[in-house]
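Report on the structure
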Amino acid sequence: MALLSVEELSVTFTARGRKDATAVDGVSFDVDQGQVVGLVGESGCGKSVTSLALMGLLPRKGVRIGGRAEFDGQNLLGISERKLRDMRGSQLAMIFQDPLSSLNPVVPIGIQVTEILQRHRGLKGEKARKEAASLLDRVGIPDPDRRLKEYPHQLSGGMRQRALIAMAVACAPRLLIADEPTTALDVTIQAQILELLKELVDQEGTALLMITHDLGVVAGLCDEVNVLYAGRAVESAGRRELFAHPTHPYAHGLLGSIPRLDAPRGEPLNPIRGSINDKIAWADGCAFAPRCDHYTMECLTGTPELTEPRAAGHQVRCVNPVLPKAEVPA
Amino acid sequence: MSLLELDGVKVHFPVKKGLFFDRTVGHVYAVDGVSLSVEAGQTYGLVGESGCGKTTLGRAVLRLNDITDGAVVFDGTDLAKLPSEEMRSFRRRLQMVFQDPLGSLNPRQNIESILSEGMAAHNIGKDQAERREKIKEILAKVGLPSNAMSRYPHEFSGGQRQRIGIARALVLEPDVIICDEPVSALDVSVQAQVINLLEELQESLGLTYLVIAHDLAVVRHISDVIGVMYLGGLVEEAPSDALYAGPRHPYTKALMSAVPVPDPEVEDRRERILLHGDLPSPANPPAGCRFHTRCPWVQETKCATERPPLLDTGDGHKVACHFTAEIEAGTVKQTLATGIEAVVATEAVAAEAVEVSEGDAEVPDAPAKTEEPATVPAQADAGEAERAEESPKA
Ligand SMILES: Nc1ncnc2c1ncn2[C@@H]1O[C@H](COP(=O)(O)OP(=O)(O)OP(=O)(O)O)[C@@H](O)[C@H]1O
Ligand SMILES: Nc1ncnc2c1ncn2[C@@H]1O[C@H](COP(=O)(O)OP(=O)(O)OP(=O)(O)O)[C@@H](O)[C@H]1O
Ligand code: SF4
Ligand code: SF4
Ligand SMILES: [Mg+2]
Ligand SMILES: [Mg+2]
């Protein structure tokens, strides 16, 4: 049994006076201990809403949540607010894209870290301070004793993100959810943070749910990958399988759109036409249909089912998947 | 002679303090001696990390920033020394496209009005009917429907807004377009559309581009020549393929090793050169080689004391490092770790670099500047452009 098992998670925003908006529309995936699972997709596809739902951080009002999320045998979507608050920090932790917004600007870093150690691990005084310093040291923050006394704005973006990781791992959580943890950072700093996350997974056996729009990051870090489009997973596979044989037209198209550092200059990109705004409701058919080159009338007869057209465990939600013959250029 | 030549360009921003911000307590050395040439019909790509001075350099070419020192020679004329009236005619020939298309488009103007404004100011088209024809033609070129003319910026997607930004530059029939992070606000699938569009337009109109971006893969894809910036200076310049095949400056090596490639085979073989610490502040750049606080090959002699000039190392590949040849030959060894140790260890060198970066906190509005690099200058531009455009009529 997986550590986290998400089944048919759906999130609908039901603000009064507005049409219901379904942000997550039946997403399923598992995360095992010591495993990195990626959720990847373009802006607005429901990545952040998925992670907020799992952490119980969505507003209680005006939101309808469906499906299950079993974590260690308990449904995270059903337990009490108090229980969840206890689990957050000790068992589950999350890091966000913008570390500044998740740190308290008027409280020194040190106090923010020791508070967590006190609340979840019962450490006090000098003991807590020492542990806080060693956590900062662990994530590569130089001169931790001095840094503990400083306020978030005194740290650089990369250092803030490292401080946030230090806080997230302070209680050795079993599951870490990272929502675009490196998107706001420079690429050399991103490399440091990714290396740090990798080390955490390897050494502590932490399960990592990695949310990103960057397929390059996914290729280097994730064991399993879920490609989301308009609130649904359209393709899920192991990392090597997915990148070697992208089979859903969207995933295939995405990989053709990305300029690769190692591609010879002059090779043209193959963009997907239109934008995420050109979509139809999943209930009516495939949401990707208006942008899809493989589209047929069949695509407009309700949500396509998940199939395994290539290999066991490689799931694709498409009636006309990209199969090898179409991949071989003339 | 190249179409655009920069020679020793410096842009230093004074750091003001005191009750009335009347005391200059130092300078932000945003651009500190950059020389480069852009050939007609080609694309020069400028890469580097946040705050290294890319935008400032681009704006300096258009004289949207005061040039502290150096020359910007465009088609034989040094723009840096040109009186502002004479600058006007050059403004049309040098256009800019911004990262955040929405921030640089006036929300209350429809597309026709946005596009014809600049045309009228530069006397393009004898009347609005003629201008409208031209706009129609350009909209088609950038892939927008002609009914776009009567619509407003918020009615378009991010990719379409970027097309509007490009159209606004094109209606003025420029020679050079400076694209500042033209695709970084866009989703990947849309990014590719805009990159292809820029390439097609270059081909059909013979445009010259200076493309500024932090994404090395994007820059490598569209540029003929790439310049790598670090803390206000160029550290390496080479033809795109040559730079990828053999980066020679330690910073470029680290930068390239850090760019993720969407291919597990490549990622698994990758050896990352992880750098120590963070970028020092341009208000207080390290002495000598500006990269010496983080350079894995830093040597005891020269690195901390002498600033290495950008020198040709053969076949147009220029590098600013005292030890290029020795590093290439393997006769000087790495002095700092570059694996995970680089992240976890708290070496004195890293601490020192960080110390310097703290200077940031003391620059009154520096943090805001770096966090909103796109919107702030973009809006300022709109204002400046408007003023420039109004003055002739007055
Ligand atoms: N509180 C909310 N009320 C209404 N709609 C919301 C709310 N939060 C998110 N949404 C909508 O849900 C959809 C999914 O948003 P989400 O933030 O999960 O996207 P994302 O995949 O994280 O995108 P990005 O890459 O831009 O972060 C979007 O269409 C968004 O507008
Ligand atoms: N008007 C200004 N006054 C003072 N400092 C400035 C001004 N404009 C830019 N700077 C500073 O100059 C440095 C270079 O900024 P610039 O915007 O050119 O960097 P950049 O390379 O474009 O970065 P990014 O990738 O974040 O856009 C930064 O430290 C910035 O804070
Ligand atoms: S179901 Fe049809 S429209 Fe959707 S991705 Fe597959 S082929 Fe394209
Ligand atoms: S001059 Fe010295 S510090 Fe600078 S890049 Fe070369 S080896 Fe590194
Ligand atoms: Mg998000
Ligand atoms: Mg910039």
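Residues numbered from 1 in each chain as written. Chains lettered and ligands numbered in written order. Predicted model: local features only at pLDDT ≥ 70, side-chain atom pairs only at ≥ 80, totals over all residues. Heavy atoms only, no water.

Chain A carries the name ABC transporter ATP-binding protein in an unreviewed UniProt entry, which gives Streptomyces arboris as its organism. Word for word, the UniProt comment on chain A under Sequence similarities (unreviewed entry) is "Belongs to the ABC transporter superfamily." (UniProt positions renumbered as here; feature names shortened; annotations may be inferred.)

The helix and strand inventory of chain A stands at twelve helices and twelve strands. Here the C-alpha radius of gyration of chain A, 21 Å, is about what a compact globule of 330 residues would show, namely 20 Å. Expressed as a percentage of its 330 residues, the buried residues of chain A come to 55%. Here chain A displays about 14,100 Å² of accessible surface, and carbon together with sulfur accounts for 50% of that area. Between the mean site of the 37 positive side-chain charges and the mean site of the 40 negative ones, chain A shows a separation of 7 Å. (Helix = DSSP H or I, 4+ residues; strand = E, 2+ residues; numbered from the N terminus. Rg over C-alpha atoms; globule rule 2.2 N^0.38 Å. Buried < 20%, exposed > 50% of the residue type's maximum accessible area, 1.4 Å probe, protein only. Areas by Shrake-Rupley, 256 points an atom, 1.4 Å probe, with all protein chains shown as cover. Lys, Arg positive; Asp, Glu negative; His and termini not counted. Charge placed at Lys NZ, Arg CZ, Asp CG, Glu CD.)

Let us look at the packing of helix H7 (residues 157-169) of chain A against helix H8 (residues 187-204) of chain A. All names here are of chain A. Where H7 meets H8, the closest approach of the two axes is 10 Å, and the angle between their N-to-C directions is 15 degrees. In terms of their interaxial angle, H7 and H8 are classed as roughly parallel. Of the two elements, H7 crosses H8, and the hand of that crossing is right-handed. Contacts between H7 and H8 pair Gly-158, Gln-161, Arg-162, Ile-165 and Val-169 from the former with Ile-189, Gln-192, Ile-193, Leu-196, Leu-197 and Leu-200 from the latter. Residues that form the contact of H7 with H8 fall into these classes: seven nonpolar, three polar and one charged. (Axes fitted to C-alpha atoms, helices over the stretch in contact; angles between N-to-C directions. Parallel < 35°, antiparallel > 145°, perpendicular 65-115°, else oblique. Left-handed = near helix turned anticlockwise from the far one by under 90°. Contact = heavy atoms within 4.5 Å. Nonpolar A, V, L, I, M, F, W, Y, C, P; charged D, E, K, R; others polar.)

Another aspect to go through is the UniProt feature "domain: ABC transporter" (unreviewed entry) in chain A. The UniProt record marks residues 6-255 of chain A with the feature "domain: ABC transporter" (unreviewed entry), using the residue numbering of this structure. Secondary structure across residues 6-255 of chain A comprises 42% helix and 25% strand; the distance between its end C-alpha atoms is 26 Å.

With that settled, consider the interface of chain B and chain A. In this assembly, 53 residues from chain B lie in contact with 60 residues from chain A. Between chain B and chain A, roughly 4,800 Å² of surface is buried when both sides are summed, and carbon and sulfur atoms account for 58% of that area. Connecting chain B to chain A are six salt bridges. Across the pair Arg-240 of chain A and Glu-265 of chain B runs a salt bridge, and its minimum N-O distance is 2.9 Å. At the junction of chain B with chain A, the criterion picks out 21 residue pairs in polar contact (both at pLDDT 80 or more). When residues of the side of chain B that touches chain A are traced back to their parent elements, those giving at least two are helix H6 (188-205), helix H7 (216-222), helix H8 (240-245), helix H9 (250-258), helix H10 (264-269), helix H12 (340-344) and helix H13 (348-357) of chain B. When residues in the side of chain B that touches chain A are grouped by element, the largest group, eight residues, is from H6 of chain B. Here the side of chain B that touches chain A is built from residues that sort into 26 nonpolar, twelve polar and 15 charged. (Buried area = accessible area lost by both parts, 1.4 Å probe. Salt bridge = Lys/Arg side-chain N within 4 Å of Asp/Glu carboxyl O. Polar contact = N/O pair within 3.5 Å; in protein donor to acceptor, adjacent residues only side chain to side chain.)

This part takes up the domain arrangement of chain B. All names here are of chain B. Domain annotation of chain B identifies domain 1 (4-93 + 174-390) and domain 2 (104-173). Counting from both sides, the interface comprises 19 residues of domain 1 and, opposite them, 17 residues of domain 2. Taking both sides of the interface into account, the surface hidden between domain 1 and domain 2 amounts to around 1,600 Å²; carbon and sulfur atoms contribute 67%. The interface formed by domain 1 and domain 2 includes zero salt bridges. There are four residue pairs in polar contact (both at pLDDT 80 or more) connecting domain 1 and domain 2. Ranked by the residues each element gives to the side of domain 1 that touches domain 2, the list is headed by H6, at eight residues. Each residue belonging to the side of domain 1 that touches domain 2 can be placed in one class, and the counts come to twelve nonpolar, two polar and five charged. (Domains from an automatic or database assignment.)

This next bit is on the sheet that holds strand S2 (residues 21-31) of chain A. In space, the four strands of this open sheet follow the order S2-S1-S4-S5 (chain A), with antiparallel pairing throughout. One side of each edge strand has no neighbouring strand; the edge strands of this open sheet are S2 and strand S5 (74-75) of chain A. (Pairing = 2+ DSSP bridges.)

Turning our eyes to something else, we now look at the sheet that holds strand S10 (residues 233-239) of chain B. Residues and elements named next belong to chain B. On the basis of which strands lie adjacent, the open sheet formed by eight strands has the order S6-S7-S8-S3-S9-S10-S12-S11 and mixed pairing. The open sheet terminates on both sides in strands that have one partner only, identified here as strand S6 (94-97) and strand S11 (311-312). By the bridge criterion, four bridges tie strand S3 (residues 43-47) to strand S8 (residues 208-212) in an arrangement that is parallel. Of the residues in S8, the one forming a bridge with Gly-45 is Val-211. Where helix H2 (residues 84-93) meets the sheet, its contacts fall on S6 and strand S7 (176-180), and the angle it forms with S6 comes to roughly 55 degrees.

This next bit is on the site of ligand 2. Residue and element names in this part refer to chain B. Taken together, 15 residues are adjacent to ligand 2, and Ser-50, Gly-51, Lys-54, Thr-55 and Thr-56 come closest. With respect to ligand 2, the backbone of Gly-53 contributes an N or O atom lying 3.0 Å from an oxygen atom. Thr-55 places a side-chain nitrogen or oxygen 2.7 Å from an oxygen atom of ligand 2. Isolated, ligand 2 exposes 640 Å² of accessible area, and the fraction of that covered by the protein chains is 84%. Mapped by element, the contributors of at least two residues to the shell around ligand 2 are strand S2 (23-38), helix H1 (54-61) and helix H15 (366-371). Top element by residues in the shell around ligand 2 is H1. It accounts for three residues. Broken down by class, the residue content of the shell around ligand 2 amounts to six nonpolar, six polar and three charged. (Near = heavy atom within 4 Å.)

Our focus in this paragraph is a negative patch on the surface. Taken together, the side chains of Glu-7, Glu-8, Asp-30, Asp-32, Asp-223 and Glu-224 of chain A define an acidic patch exposed on the protein surface. Tracing the sequence through the fold places Glu-8 of chain A in strand S1 (residues 4-13). (Patch = residues over 30% accessible without salt bridge, like charges linked within 9 Å, V, L, I, M, F, W, Y side chains within 5 Å.)

A common measure of how large an interface is: the accessible area buried when the components associate. Per the domain assignment, the segments making up chain A are domain 1 (101-172) and domain 2 (256-327). When each unit is reduced to the centre of its C-alpha atoms, the spacing between domain 1 of chain A and domain 2 of chain A is 44 Å.

All names here are of chain A. Within the fold, Glu-235 resides in strand S10 (residues 232-238). The charged side chain of Glu-235 is buried without a salt bridge, its nearest counter-charge being Arg-310 at 7.2 Å. A distance of 2.9 Å separates the side chain of Glu-235 from the backbone nitrogen of Thr-247, its partner in a polar contact. There is a polar contact of 2.7 Å between the side chain of Glu-235 and the backbone nitrogen of His-248.

We now examine empty space enclosed by the protein. Using the criterion set out here, one finds five cavities of 30 Å³ or more in the structure. In this structure, the largest cavity encloses a volume near 80 Å³. Lining the largest cavity are 13 residues, with Pro-250, Cys-289, Cys-295, Cys-303 and Cys-321 of chain B sitting closest to its centre. If you trace the second largest cavity, you find 13 residues lining it, with Cys-286, Cys-292, Cys-299, Cys-318 and Val-319 of chain A closest to the centre. Grouping the amino acids of the lining of the second largest cavity by side-chain chemistry returns ten nonpolar, three polar and no charged. (1 Å grid on protein atoms, 1.4 Å probe; cavity = no way out; pocket = protein on both sides within 12 Å on 5 of 7 lines; lining within 4 Å. Points joined across faces, edges and corners; volume = space filled by probe spheres on them.)

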